[in-house]
Amino acid sequence: MDPSAGGGVPGSKDGGMTVRIGINPITWTNDDDPSLGGETPLETCLAETRQAGYQGTELGGKFPRQGSVLGPILDRHGLELVSGWFDGRILEREVAEEYDAILPHLTLLRDLGAEHVVYADTSRGRHGAIFAPISQRPVLHADEWPGYGAKVTQLAERMADFGVGLAFHHHMGTIVETDAEIAELMTWTGEAVGLLYDTGHCAFAGGDPLALLARHAHRVVHVHCKDVRPQVLAQARAADMSFMGAVLDGIFTVPGDGSLDYATLLRVLADHDYQGWLVVEAEQDPGKAHPLTYATLGYRNLYDLARGAGLPVDGWPPTRN
């Protein structure tokens, strides 16, 4: 199918068990630092998302938050809503309070067909932490994990009852960043808590993306695909850079353009019958990394790598110049 044509998106939830490829609009415009792509209109992001070949998009700061408004916009571009980030505070709030806070977001996602919410716990100052040296981010103490896991599980169960699953995002600068912290989270939470596996955040945190995935693949419900430039990664960790400082220096790029072994990672997902979205989320400075160029490269690489790994990818074959 020609991705520039209308007529809906292949691989929809009614079309069987498939893997679909989406993107996060952070390729064009960065919500953490609005100076990065702040001038780029939403229409450009969506038109180029479709032009590059993607079937869906996650939410960004420029997206309307009313389903009646956003739905027709996505339909016009032939795109699905994949998911959307939520700045969680479950460590600091009671379950009922956190659920009430996230309910409008869940409603938008459910109404537009998204199956999971991208949930990151930004308690204890995450937003400030991504601009501070990576060593200064908040942490949980060992005796906090059991109670924390129980609260996250209760929240996830309420979300599931509503109709949207929780995909917990391990993220630099937060209380769940390292491979060891992800293991604690998985140990102390129930099956309602799905894992959002992010290759780039694992690598930046000093982890082992392959070992992490092999250990927790049965809990993975959503995947963020970013590659890393090894020289920038080594420099960022050695210099104790901030997360955003490393982003501006180019630590991340699209799958297949860095040092991570995506062919093997995707085979692990295939071996565990992963079904869901693969989302290119490779934040760079759009003034240095032309968004459409990198979005197109990311789609082509990820499509080919996923097919080669045996994942049942449904989508438009990449266009080649």
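Refer to the structure printed above.
Definitions and cut-offs
Residues numbered from 1 in each chain as written. Predicted model: local features only at pLDDT ≥ 70, side-chain atom pairs only at ≥ 80, totals over all residues. Heavy atoms only, no water. Salt bridge = Lys/Arg side-chain N within 4 Å of Asp/Glu carboxyl O. Helix = DSSP H or I, 4+ residues; strand = E, 2+ residues; numbered from the N terminus. Buried < 20%, exposed > 50% of the residue type's maximum accessible area, 1.4 Å probe, protein only. Core = buried A, V, L, I, M, F, W, Y, C linked by side-chain atoms within 4.5 Å. Axes fitted to C-alpha atoms, helices over the stretch in contact; angles between N-to-C directions. Left-handed = near helix turned anticlockwise from the far one by under 90°. Contact = heavy atoms within 4.5 Å. Phe/Tyr/Trp six-rings, centres within 6.5 Å; stacked < 30°, edge-to-face > 60°. Arc of directions from axis to C-beta. Polar contact = N/O pair within 3.5 Å; in protein donor to acceptor, adjacent residues only side chain to side chain.

(A) Local environment of the pattern of salt bridges. Under the defined criterion, the tally for this structure stands at eleven salt bridges. Residue K226 is joined to E281 by a salt bridge in which the shortest nitrogen-to-oxygen separation is 2.6 Å. Remark: E281 occurs in the loop between β11 (276-280) and α12 (291-308) and K226 occurs in the loop between β8 (220-225) and β9 (227-228); sequence separation between them is 55 residues. Its relative accessible area of 0% is what places K226 among the buried residues. Overlapping salt bridges bring together D198, K226, E281 and E283 as one network.

(B) Spatial organisation of the nonpolar core. Within the largest apolar cluster, 94 residues are counted, with the highest numbers of intra-cluster contacts made by Y148, F204, L278 and L311. Broken down by element, the residue count for this core peaks at seven residues, all from helix α5 (residues 145-162).

(C) Region of the structure containing helix α11 (residues 262-271). Burial within α11 is extensive, with seven of its ten residues counted as buried. Along α11, the positions that sit buried rather than exposed are Y262, T264, L265, L266, V268, L269 and A270.

(D) Quick look at the packing of helix α3 (residues 95-111) against α5. Where α3 meets α5, the closest approach of the two axes is 10 Å, and the angle between their N-to-C directions is 35°. Two packed elements cross with a definite hand, and for α3 against α5 that hand is right-handed. In this structure, α3 uses V95, A96, E98, Y99, I102, L103, L106, T107 and R110 to contact α5, whose residues at the interface are K151, Q154, L155, R158, M159 and F162.

(E) Local environment of the packing of aromatic side chains. Per the stated rule, a full pass over the model turns up eight aromatic pairs. A ring pair is formed by Y54 and Y299, whose centres lie 5.1 Å apart and whose planes are at 70°; its orientation type is edge-to-face. Here Y54, found in the loop between α1 (42-52) and β2 (56-57), pairs with Y299, found in helix α12; they are 245 residues apart in sequence, far enough to count as distant. In this structure Y54 comes out as buried when scored by relative accessible area, which is 0%.

(F) Expanded view of helix α8 (residues 209-216). All of the buried residues in α8 are P209, L212, L213 and H216. For α8, the buried positions fall inside an angular range of 95° around the axis, keeping them on one side. If you follow the buried residues of α8, they end up packed against α6 (179-188), β7 (193-198), α7 (199-204), β8 and α11. The backbone nitrogen of L210 has a side-chain oxygen 3.1 Å away, supplied by the residue at the start of α8, namely D208.

(G) Representation of unusual backbone geometry in the model. One non-glycine residue, D240, lies in positive phi territory at about 55°. For D240, the position within the fold is in the loop between α9 (230-238) and α10 (243-249). Non-glycine residue D273 carries a positive phi angle of around 55°. Its place among the elements puts D273 in the loop between α11 and β11.

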